[in-house]
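Survey of secondary and tertiary structure
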Amino acid sequence: MSDLDVTILGEPLGSSLPADPGGEGKGEIHLVHLYPREMSIYGDLGNTRCLAARIRRHGYVPVVHQHHPGQPFPERVDLVVGGGGQDSGQVTVEDDLERIADRLRELADQGVPMLMICGMYQLFGNAFITVDGRRLPGLGILDVTTQGNAKRMIGPVVLSTDHGDVVGYENHSGSTTLGPGQAPFGRVRSGLGNNGSDGTEGAITGHVIGSYLHGPILPANPVLADTLVGWAAEHATGSPFVPETLDDSTAREAQQRQVRRLVG
Amino acid sequence: MLRTTTAVIAGKAARTAARIRGGGSGGSALPGLVAERVDPGFLAHALAGVRDGVVVVSGTNGKTTTTKMLVALLRAHGRTVFTNPTGSNFTRGVISAMLEELPLRGRLEADLAVLELDEAHALHFARAVAPSHALLLNVARDQLDRFAEIDHTARLLTELAGMTTTGVVLNRDDSYVNRIAAELADGVQVRWFGLDESIAARLGELQEQDVRAQDAYTPPPAGPLDGLLAPIDEQQLLVRWGEEHEGGVLGPVTLKQRGLAAMINATAATTTARMLLGDDFREDATLHALRTVAPPFGRGEVIDADGQPLELVLVKNPAGFTVALGTYGSTPVASMIAINDDYADGRDVSWLYDVDFTPLRAKGVALTSGVRGWDMALRLEYDDVEVGRTLTDLEEGLSTFLAEHRDEPKRVFCTYTAMLALRRMLGERYDVPEMGTDAPEAGQA
Ligand SMILES: [Zn+2]
């Protein structure tokens, strides 16, 4: 644990430490939150808390790493999470992201699940074109391009995805377009999504998901959370995910109430 | 002049209409909107009769409490003060408030105007009327769907300070606020408020779990006219003037509100009052005002519910909720949390994940309510806080909570529109002061 680490609310002390010998349960799952100080201003650390808690509830042991600019990137990685930040935060992390770009691409190719929200979703794309026409290159893990916009897209969102209904809240000024073969993460049933015109939201390639949805996205959408946990468990243990049955009734109420309010 | 009179009449008519429809509680912005449309110079004209200064109070948290304290301090010194009623911190809310008090020729008679303004609206206001003084409290993440970014909020306050003509009072412990001192117009005086060195370690309690840089940091030096808070307990404090107490010590004084946040607000208000009053600043009047000023509605206000205290605590952003939990966490009581997501609440509830709810673990939360009551329950699950039940309908939630916890002290944490609704419902059952009666007319000493 680095002294740069931020507190992940609710997480027990020592959750950055590996399991005690013999206490690995169904296996250790190493989770990395990218740039928690700069890029998780909209409650996105809640996604990491949600994943760590669910990994535990499914009988595995989460090891929660935080990656900060200039720090060595963790050796073992089974799951990567990133969030949204202020413009100043985005500028701070750009150089570091370039430094670890090859490693992230390699992990994505190996099937390590990644969830990138808002600003980090944009940085995982091909490029961000600023309002005055400058092209800032991204990682290119997702085939999307974002155009800076004067107008912000703000409001509650409901999606249909391969992982069921997904609810959340978007707040972004960039307008994102998918490349020709790029699959969207979801179809917008309420809200604006990638660009407010083509009905798509986010992007998914292999196990890498990009989305604009805060909320944070995972707690109220546990099917999605468990999809990521399942992929991570498979990567970590080399064998199929062995889930427990969890009581998600509260999450279901929260999610379905939003669906009913917004799409009837 | 004719135009202003028309604006006053039109605005008053709209205000009456809003009252009749029952939409006037808690600082309806509609009448202000009408007057602003009719006469854009309305504010400047109306405030031209204020003799000794127009003071703007802004920042993310504590505006309402601090404004109320500052007004009480000035009135205790015999000044007539115009202020906007609790919580109506948009420009239009200010105009709505003025309409109540304006004679038809549209000019306020008062020594001072003390106006609580939202960061964005403060600037809008300052473009119409340059404030003589500004008290800037803090910058924290607020409802990001409205304010977009902390950096943006900090810029708004910096610009506001730059338009202030005579003096500013700044929080020396908030790095977004204290750096504003470098951006002032020539000749504008600076006074500081902050924590005394003896409790510098408690600064964290006033700030949210934050992502701002933890750079090694020394606050700017404080002199004999700068107020530094030295708490004695959760409700009693001293204000030390200057780092070496070279300006003396005020107090001890016991506030009607609990917690470090209320005490730092009192310190900010006292420092500002001293700047405004100069040689007329009197210790006895100051202590009397601080001792007697009641918490604004919904900000730790205590209602007598069937012989048991019910505290109503407004929460609206991570820093505010965190401070509230810190203040009340030491005395767990039956708790209800009501979360709505209208515009005034913040439509995005993501911020609940930036609040540490573990102080509620000891006793759990009896009931969650409001439109996002289930999201609140889910958030508590992730902090391992037990939730008794969830009833999204506020009326049903409140009735159940009151019935099931009749014979014990209670506390309700609520977002803005939930607070307005709950307060109205409580008013139907118990003795609750009417909303907005916090701001007696200008012209009264
Ligand atoms: Zn965003």
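Residues numbered from 1 in each chain as written. Chains lettered and ligands numbered in written order. Predicted model: local features only at pLDDT ≥ 70, side-chain atom pairs only at ≥ 80, totals over all residues. Heavy atoms only, no water.

**Focus on the coordination of the zinc ion**
Put simply, a metal with four donors set out as a tetrahedron has ideal angles of 109.5 degrees, and one with six donors set out as an octahedron has ideal angles of 90 or 180 degrees. All names here are of chain A. C118 (SG), N171 (O) and H214 (NE2) make up the full set of protein donors to the zinc ion, lying at 2.1 to 2.5 Å. Between the donor residues of the zinc ion, the gaps in sequence give the motif C-x52-N-x42-H. A residue pair is termed long-range when its members are at least 10 positions apart, and C118 in the loop between β4 (114–117) and α4 (119–123) and N171 in strand β9 (residues 164–172) qualify at 53 residues. Just as C118 is buried, N171 falls in that class too. (Donors = N, O, S within 2.8 Å, 3.2 Å for Na, K, Ca; no water. Helix = DSSP H or I, 4+ residues; strand = E, 2+ residues; numbered from the N terminus. Buried < 20%, exposed > 50% of the residue type's maximum accessible area, 1.4 Å probe, protein only.)

**Some points on helix α6 (residues 249–263) of chain A**
Taking 1.5 Å as the rise per residue, α6 of chain A with 15 residues should run 21 Å; its terminal C-alpha atoms sit 21 Å apart, in good agreement. Of all the residues in α6 of chain A, the buried ones are T250, A251, A254, Q255, Q258 and V259 of chain A. Considering only its buried residues, α6 of chain A is in contact with β8 (153–161), β9, β11 (186–190) and α5 (222–237) of chain A together with α13 (373–382) of chain B. Just downstream of α6 of chain A, G264 of chain A is the residue with a positive phi angle, here 75 degrees. (Expected span 1.5 Å × (residues − 1). Contact = heavy atoms within 4.5 Å.)

**Quick notes on the pairing of strand β8 (residues 236–241) of chain B**
Residue and element names in this part refer to chain B. Among the 6 residues that make up β8, 5 are buried, leaving the element largely enclosed by the rest of the structure. Examined bridge by bridge, strand β7 (residues 227–231) and β8 share 5 bridges and lie antiparallel to one another. Its bridge partner being in β8, L228 is matched across the sheet by R240. Following β7, the chain reverses through 4 residues before pairing antiparallel with β8. Of the strand pairs in this sheet, β8 and strand β9 (residues 249–254) are connected by 4 bridges, and their pairing is antiparallel. Paired with L237 across the two strands is V253, which belongs to β9. (Pairing = 2+ DSSP bridges.)

**Describing the nonpolar core**
One finds L34, L104, M114, M120, F124, I217 and L218 of chain A to be the most contacted residues of the largest nonpolar core, which totals 68 residues. By residue number, the principal contributor to this core is α5 of chain A, which donates 8 residues. Residues L73, L74, L260 and A273 of chain B belong to the second largest nonpolar core, which totals 39 residues. (Core = buried A, V, L, I, M, F, W, Y, C linked by side-chain atoms within 4.5 Å.)

**Concerning the interface of chain A and chain B**
Much of the literature gives interface size as the accessible area that the parts lose upon coming together. The interface of chain A with chain B comprises 37 residues on the first partner and 34 residues on the second. The contact between chain A and chain B buries some 3200 Å² in all, and 50% of this surface belongs to carbon and sulfur atoms. The interface formed by chain A and chain B holds 2 salt bridges in total. Of all the secondary structure elements, the ones that give two or more residues to the side of chain A that touches chain B are α1 (45–57), α2 (87–99), β8, β9 and α6 of chain A. Per-element tally for the side of chain A that touches chain B: the top contributor is α6 of chain A, with 7 residues. Split by residue class, the side of chain A that touches chain B holds 14 nonpolar, 13 polar and 10 charged. (Buried area = accessible area lost by both parts, 1.4 Å probe. Salt bridge = Lys/Arg side-chain N within 4 Å of Asp/Glu carboxyl O. Nonpolar A, V, L, I, M, F, W, Y, C, P; charged D, E, K, R; others polar.)

**Section: the packing of aromatic side chains**
Taken as a whole, this structure holds 6 aromatic pairs over all chains when the rule is applied. When the centroid spacing of 5.9 Å and the interplanar angle of 35 degrees are considered together, the rings of Y60 of chain A and F241 of chain A count as tilted. Within this pair, whereas Y60 of chain A is found in the loop between α1 and β2 (61–67), its partner F241 of chain A is found in the loop between α5 and α6, the two being separated by 181 residues in sequence. Neither residue differs from the other here; Y60 of chain A and F241 of chain A are each classed as buried. Between F321 of chain B and F413 of chain B, the aromatic rings sit 5.6 Å apart at their centres with planes inclined by 35 degrees, giving tilted as the arrangement. Of the two residues, F321 of chain B is situated in helix α12 (residues 318–328) and F413 of chain B in strand β15 (residues 410–414); the sequence distance between them amounts to 92 residues. Here F321 of chain B falls in the buried class, since its relative accessible area comes to 0%. Look at F413 of chain B and you get buried, because its relative accessible area is 1%. (Phe/Tyr/Trp six-rings, centres within 6.5 Å; stacked < 30°, edge-to-face > 60°.)

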